[in-house]
Amino acid sequence: MPEIRIVDSHTEGEPTRTIVAGAPPLGVGPLAERRERFRREYDWLRTAVVTEPRASEAAVGALLVPAVDRSARTGVIFFNNAGYLGMCGHGTIGVVASLAYLGTISPGRLTVETPVGAVDCELRGDGAVSFRNVESRCARRGVSVEVPGFGRATGDVAWGGNWFFLIDDPPVAVERRNLSACLAYARAVRAAIDAAGVVGDDGGQVDHVELSVPTSTSADSRNFVLCPGGMYDRSPCGTGTSARLAVLAARGALRPGQRWRQEGILGGVFEATAEPTERGVIPTISGRAFVTAVGELVVDDRDPFRFGIPPP
């Protein structure tokens, strides 16, 4: 009956469960290859850690593994109830906060290696975390799809560590009290872009939908992000904010170094800036995470749901 040591945290409301010990070894080599081994041979661990009865649909898992780059503090493979992620912004903030809680790092700079590249991070003295994300880019602008029950939706396809379909001023109110309508619309859009064959410029699946509106708060915009597993991101979404900055830069609506305050659906805020590159931007995102629990998950061979409750 293996025991899996974990640290739970939330980043502006979005949970991260970091596995710090007890996982099967994935060998050596690039993190993308080890992620595939995880998917191929140990997917039971993913479902055991982030699905019911131990977790919820909103949880993102982070498996700490040895980094290939010796300058990196750790490698990390992110996953959720639907599968595996290239990068996770709120999860990166959660991992850094969890390492700080365990006393393995102090305020200062560190590098976290992900399957899509190395991410430079900084733990500040006040506990806030910033990370310099992978290069983000706007691949296609003004893509239209027919959404049954809602009509035509037009959005931009952008990469921020994951692929996003970003819609400005959607036909639903992007407010916390309107979560059910936001979910229904975003899920319908996701089905429509799948049916239309909308993909990233590398053929990657566009598996996140982001709705953005102006806000009367001190933030620049408020978003609602649908994640691959069909649930919404409680935080402003790090990779979604990165994709948003790439779109704004492509429109000429974001100056180099300009601060962008992205509010999430629960009211939490990420602060962001972007450096221009030939293909897009390099975003830097800052936010807060708080540790909520430290413990061990028990996988009991007698438990019929030891690997999670299968989807219907």
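Residues numbered from 1 in each chain as written. Predicted model: local features only at pLDDT ≥ 70, side-chain atom pairs only at ≥ 80, totals over all residues. Heavy atoms only, no water.

Draft legend 1. The arrangement of the packing of aromatic side chains in detail. According to the stated counting rule, one finds seven aromatic pairs in the structure shown. Taking 5.0 Å as the distance between ring centres and 75° as the angle between the ring planes, the aromatic pair formed by F150 and Y185 counts as edge-to-face. Residue F150 is located in the loop between β9 (137–147) and β10 (151–159), and its partner Y185 is located in helix α4 (residues 179–195); the two are separated by 35 residues in the primary sequence. For the ring pair F224 and Y232, a centre distance of 5.9 Å and an interplane angle of 25° mean the geometry is stacked. As far as the burial class goes, F224 and Y232 line up, both buried. The ring of Y232 is capped by R234, whose NZ or CZ atom sits 4.0 Å from the centre of that ring. (Phe/Tyr/Trp six-rings, centres within 6.5 Å; stacked < 30°, edge-to-face > 60°. Helix = DSSP H or I, 4+ residues; strand = E, 2+ residues; numbered from the N terminus. Buried < 20%, exposed > 50% of the residue type's maximum accessible area, 1.4 Å probe, protein only. Lys NZ or Arg CZ within 6 Å of the ring centre and 35° of its normal.)

Draft legend 2. Quick look at the packing of helix α1 (residues 31–41) against helix α2 (residues 43–50). The interhelical angle for the contact between α1 and α2, taken along N-to-C directions, is 80°, at an axis separation of 5 Å. It follows that α1 is roughly perpendicular to α2 by the angle criterion. On α2, the residues touching F38, R39 and E41 of α1 are D43, W44, L45 and R46. Broken down by class, the residue content of the contact of α1 with α2 amounts to three nonpolar, no polar and four charged. (Axes fitted to C-alpha atoms, helices over the stretch in contact; angles between N-to-C directions. Parallel < 35°, antiparallel > 145°, perpendicular 65-115°, else oblique. Contact = heavy atoms within 4.5 Å. Nonpolar A, V, L, I, M, F, W, Y, C, P; charged D, E, K, R; others polar.)

Draft legend 3. Looking closely at the nonpolar core. Grouped together as the largest cluster of nonpolar side chains are 63 residues, with contacts concentrated most on F78, V189 and F224. The greatest single-element share of this core, amounting to nine residues, is contributed by α4. Sequence-distant contacts of F224, defined by excluding residues within four places in its chain, comprise V174, L179, C182, L183, A186, V209, E210, L211, Y232 and I265. Residues I4, V50, A59 and F79 belong to the second largest nonpolar core, which totals 19 residues. (Core = buried A, V, L, I, M, F, W, Y, C linked by side-chain atoms within 4.5 Å.)

Draft legend 4. Summary view of the pairing of strand β6 (residues 108–114). In terms of burial, β6 is a largely internal element, five of the seven residues being buried. The pairing of strand β4 (residues 74–79) with β6 spans two bridges and is classified as parallel. Across the sheet, residue G75 finds its bridge partner in β6, namely E113. Of the pairings in the sheet, the one linking β6 to strand β7 (residues 117–123) comprises seven bridges and is antiparallel in character. The residue of β7 that forms the bridge with T114 is G117. (Pairing = 2+ DSSP bridges.)

Draft legend 5. Structural context of unusual backbone geometry. Across the junction of E52 and P53, the peptide omega takes the value 10°, indicating a cis bond. Considering the arrangement of structural elements, one finds P53 in the loop between α2 and β3 (60–65). In this model, E12 sits at a positive phi of 50°, which is unusual for a non-glycine residue. Residue E12 is classed as buried on the basis of its relative accessible area of 11%.

Draft legend 6. Region of interest: the pattern of salt bridges. Scanning the entire structure with this criterion turns up 21 salt bridges. Here E275 and R132 are joined by a salt bridge, their closest N and O atoms 2.9 Å apart. Here R132 lies in strand β8 (residues 129–132) and E275 lies in strand β15 (residues 269–276), a separation of 143 residues in the sequence. With a closest N to O distance of 2.7 Å, E271 and R261 form a salt bridge. With E271 in strand β15 and R261 in strand β14 (residues 260–263), this pair connects stretches of sequence that are 10 residues apart. Members of the salt-bridge network, linked through shared partners, are D156, D168, R244 and R251. (Salt bridge = Lys/Arg side-chain N within 4 Å of Asp/Glu carboxyl O.)

Draft legend 7. Structural context of the side chain of T74. With respect to the element layout, T74 can be found in strand β4. Taking the relative accessible area as the measure of exposure, T74 reaches 7% and is therefore buried. Within the structure, T74 has its side chain in polar contact with the backbone oxygen of V65 (distance 3.5 Å). With near-sequence residues (within four places) excluded, T74 lies in contact with L64, V65, A67, L99, T111, V112 and E113. (Polar contact = N/O pair within 3.5 Å; in protein donor to acceptor, adjacent residues only side chain to side chain.)

Draft legend 8. Region of the structure containing the pairing of β10. Note that β9 and β10 share eight bridges and pair antiparallel. Residue pairing across strands places R140 opposite V157, the latter belonging to β10. The pairing of β10 with strand β11 (residues 163–168) spans four bridges and is classified as antiparallel. From the neighbouring strand, W159 faces β11, where its bridge partner is W163. Where β10 hands over to β11, the hairpin turn is made up of three residues, of which G161 adopts a positive phi near 115°.

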